[in-house]
Amino acid sequence: MALLKVKFNQKKRVKLAQGLWLMNWFSVFAGILVFSMGLFLKIELRKRSEVMDNSESHFVPNSLILMGILSCAFNGFAGKICYDSLDPAKFAKWKPLLKPYLALCCVFNMLLFFVALICFLMRGSLESTLAQGLKNGMKFYRDTDTPGRCFMKKTIDMLQIEFKCCGNNGYKDWFEIQWISNRYLDFSSKEVKDRIKSNVDGRYLVDGVPFSCCNPSSPRPCIQYQVTNNSAHYSYDYQTEELNLWRRGCREALLSYYSSMMSSMGAVILLVWLFEMSVMVGLRLLHTSLESIANPEDPECESEGWILENSLKDTFKSALENLKKLGKFNQVEAGAEGAEGEEGGKTPAITTVS
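As the structure is a computational prediction, the values presented were derived from the model and not from experiment.

(A) Examining empty space enclosed by the protein more closely. Taken as a whole, this structure holds 1 cavity of 30 Å³ or more when the rule is applied. Roughly 70 Å³ of internal volume is contained in the largest cavity. In terms of lining residues, the largest cavity is bounded by N24, F74, N75, A78, Y101, C105, F108, N109, E276, V279, M280 and L283. Contributions of two or more residues to the lining of the largest cavity are made by α2 (59-84), α4 (95-121) and α8 (250-291). Here the lining of the largest cavity is composed, by residue class, of 8 nonpolar, 3 polar and 1 charged.

This is the structure in structure tokens:
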């Protein structure tokens, strides 16, 4: 028994073809939207590529760009088929291509669904990429005179100001690295010497943060040096008082920004996928309804359209049998080639005896 069998007359077939033609052009615009989202996400990721550890995060935007291009191509082609289906003479040239095209549509929709899932599941990979990238970026913050790293200070400062964050996981991350360049340290000063000597790695570590960590909304002037020294500031207790520094780490801020963006894109792609699936189902019904016309010379006669010629169970069984036959055929071919090889090997031996 055919799956989703529908009876069609000439009027219904024409309406279906016209509706599908319109839906395909909507799908072309949806493809442009998917392409634009991928391009926007790629630009946003590239803006902060210096604080990302690898290029794996670009898999999502690259996939969106590719799927957008394919969507425009597939749906533009389907629109032409639907338009020509109104004329039996024009539709005849498309008949041999429809089955392979529908198979490609199935693959395309599977890939589109996969990309939508990836948009929701990229959070873990993105988190590790940002954590390592920010750690390296903070390490190179002081290298303002080193070629290839001189931009890192500006990048980190702009990032902390824009996203209202400080450090990787929090402001205390700055206490663990030397973020002030040796160029701006007075090595004749006893304080500087003592701090460097007290550190195993010979680094100048302070309980301070860059100016970009300061919260301008705080009524108190920014305390960015000696943050943990209560006696250095009047009426101050860093453990109980609300600091005038950004509390949130930049990893969390960036992760929240990109995750919400990709989740929104994933939701849009799921809607596009549902729309594409409905277009594919409609095209299959149109294809089968036109193929099952009893008298091609009488276009007004009734016909039947379906999604699958047999039930899901029978279709699955048929597919398994075809796979088994294909496997047996390959085994027979491999056996025949082996036998030919053995015969070829024996022939020279007989010739030698002669």
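Let's pick the thread back up.
(B) Representation of the UniProt feature "transmembrane region" (unreviewed entry) in the protein chain within the structure. Within this numbering scheme, the UniProt entry marks residues 20-41, 101-122 and 255-275 as carrying the feature "transmembrane region" (unreviewed entry). Secondary structure content for residues 20-41 is 100% helix and 0% strand, while the C-alpha to C-alpha distance between its ends is 31 Å. A distance of 31 Å separates the end C-alpha atoms of residues 101-122, which is 95% helix and 0% strand.

(C) Quick peek at a nonpolar patch on the surface. Taken together, the side chains of W21, L22, W25, F26, F29, I32 and Y83 present a nonpolar region at the surface, about 760 Å² in accessible area. Here the nonpolar patch gets 6 residues from one element, more than from any other, and that element is helix α1 (residues 10-47). On the secondary structure map, F26 appears in helix α1.

(D) View of the nonpolar core. Of all hydrophobic cores here, the largest spans 80 residues; its most connected members are L41 and W174. For this core, the secondary structure elements donating two or more residues are α1, α2, α4, α5 (123-139), α6 (152-163), α7 (190-197) and α8. Take this core: its biggest share by element is 16 residues, from α8. Apart from residues lying up to four places away in sequence, W174 is in contact with M138, Y141, I156, Q160, C166, G167, W179, V206, G208, V209, P210 and C213.

(E) Spatial organisation of the packing of aromatic side chains. Summed over all chains, the structure comprises 11 aromatic pairs. Taking the centre distance of 4.8 Å and the plane angle of 45° together, the rings of F113 and W273 count as tilted. One end of the pair, F113, is in helix α4; the other, W273, is in helix α8, with 160 residues separating them in the sequence. Among the aromatic side chains, those forming a connected cluster through ring pairs are F74, F77, Y101 and F108.

(F) Spotlight on the confidence of the model for the protein chain. When pLDDT is averaged along the protein chain, the result is 82; 81% of the residues meet or exceed 70. Ranking the elements of the protein chain by mean pLDDT puts helix α9 (residues 312-353) last, at 58, and α6 first, at 93. With pLDDT under 50 throughout, residues 349-354 is counted as low confidence; its partners more than four residues away or in other chains account for 0 contacts.

(G) Local environment of the packing of α4 against α8. Across the interface, α4 lies against α8 with an axial gap of 9 Å and an inter-helix angle of 165°. Taken as axis vectors, α4 and α8 run roughly antiparallel relative to one another. Of the two elements, α4 crosses α8, and the hand of that crossing is left-handed. Of the residues in the contact of α4 with α8, the class split is 22 nonpolar, 4 polar and 5 charged.

(H) Molecular detail of α4. The first and last C-alpha atoms of α4 sit 40 Å apart over 27 residues, in line with the 39 Å expected at 1.5 Å per residue. Turning to α4, its buried residues are L98, Y101, L102, C105, F108, N109, L112, V115, A116, I118 and C119.

(I) Fine view of the environment of E304. Tracing the sequence through the fold places E304 in strand β2 (residues 303-305). The spacing of E304 and S289 is 15 residues in sequence and 5.0 Å in space, taken between C-alpha atoms. Leaving out residues up to four positions away in the same chain, E304 has contacts with K5, V6, K7, T288, S289 and S292.

(J) The arrangement of the state of the cysteines in detail. In total, this model carries 3 disulfides according to the counting rule given. Note on cysteine connectivity: C214 is disulfide-linked to C222, with sulfurs 1.9 Å apart. Linking C214 and C222, the disulfide has an S-S dihedral of approximately -75° and is accordingly described as left-handed. With relative accessibility at 34%, the residue C222 sits in the partly exposed group.

Cut-offs applied
Residues numbered from 1 in each chain as written. Predicted model: local features only at pLDDT ≥ 70, side-chain atom pairs only at ≥ 80, totals over all residues. Heavy atoms only, no water. 1 Å grid on protein atoms, 1.4 Å probe; cavity = no way out; pocket = protein on both sides within 12 Å on 5 of 7 lines; lining within 4 Å. Points joined across faces, edges and corners; volume = space filled by probe spheres on them. Helix = DSSP H or I, 4+ residues; strand = E, 2+ residues; numbered from the N terminus. Nonpolar A, V, L, I, M, F, W, Y, C, P; charged D, E, K, R; others polar. UniProt positions renumbered as here; feature names shortened; annotations may be inferred. Patch = residues over 30% accessible without salt bridge, like charges linked within 9 Å, V, L, I, M, F, W, Y side chains within 5 Å. Areas by Shrake-Rupley, 256 points an atom, 1.4 Å probe, with all protein chains shown as cover. Salt bridge = Lys/Arg side-chain N within 4 Å of Asp/Glu carboxyl O. Core = buried A, V, L, I, M, F, W, Y, C linked by side-chain atoms within 4.5 Å. Buried < 20%, exposed > 50% of the residue type's maximum accessible area, 1.4 Å probe, protein only. Contact = heavy atoms within 4.5 Å. Phe/Tyr/Trp six-rings, centres within 6.5 Å; stacked < 30°, edge-to-face > 60°. pLDDT = per-residue confidence, 0-100. Axes fitted to C-alpha atoms, helices over the stretch in contact; angles between N-to-C directions. Parallel < 35°, antiparallel > 145°, perpendicular 65-115°, else oblique. Left-handed = near helix turned anticlockwise from the far one by under 90°. Expected span 1.5 Å × (residues − 1). Disulfide = S-S within 2.5 Å.

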